[in-house]
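Understanding the architecture of this molecule
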Amino acid sequence: MYQNGSTETTPFRVLVVDDDRILRKMHKMMLTRLGIEVEVAVNGKEAVDLHLAGASFHLVLMDLQMPVMDGSQATKELRGMGVTSPIVGVTAACAEKAAFLASGLTDCVSKPLTISKIANYLPAPSNHTNN
């Protein structure tokens, strides 16, 4: 659960955006084990469309290289829509990391994703429902 600044708690919600089905599943399982609510998108356009439909997330994990709309373009669009949640790039394309960060990312980590790489963006472990 996530304390939203008042006495209310809401599930901490993460959007995982990656075109690789296996990585989406692994990232979702890893976060779900911590009691985090996870939604997935297979490309940047789906991530943008989810936000346009009114969805909101505490954290977005964004792959760089995807079909339809890549992570850089999706990040630019989300920031242009006023999305202020952290957007963390998760990529194997280290050579393109600087350009990806310039698109509006909060941070960029290399694959494979681990909880320790994104720990600063997750709620404290004592707030997780499934320790």
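Residues numbered from 1 in each chain as written. Predicted model: local features only at pLDDT ≥ 70, side-chain atom pairs only at ≥ 80, totals over all residues. Heavy atoms only, no water.

Observations concerning the nonpolar core
- Core analysis: the biggest nonpolar cluster contains 21 residues, and Leu15, Val17, Val60 and Met62 have the highest contact counts within it.
- Counting residues per element, the ones that place at least two in this core are β3 (13-17), α2 (44-52), β5 (59-62) and α3 (71-80).
- Residue contributions to this core peak at three residues, all from α2.
- Sequence-distant contacts of Met62, that is, excluding residues within four places in its chain, are made with Val17, Ala47, Gly71, Ala74, Thr75, Leu78, Ile87, Val88, Gly89, Val90 and Phe100.
- With 17 residues, the next largest nonpolar core counts Val16, Met30, Leu31 and Ile118 among its residues. (Core = buried A, V, L, I, M, F, W, Y, C linked by side-chain atoms within 4.5 Å. Buried < 20%, exposed > 50% of the residue type's maximum accessible area, 1.4 Å probe, protein only. Helix = DSSP H or I, 4+ residues; strand = E, 2+ residues; numbered from the N terminus. Contact = heavy atoms within 4.5 Å.)

Some words on the UniProt feature "modified residue: 4-aspartylphosphate" (unreviewed entry) in the protein chain
- Mapped onto this numbering, the UniProt entry annotates "modified residue: 4-aspartylphosphate" (unreviewed entry) at Asp63.
- Residues within four places of Asp63 in sequence aside, it is in contact with Val17, Asp18, Asp19, Gly71, Val90, Thr91, Phe100 and Lys111. (UniProt positions renumbered as here; feature names shortened; annotations may be inferred.)

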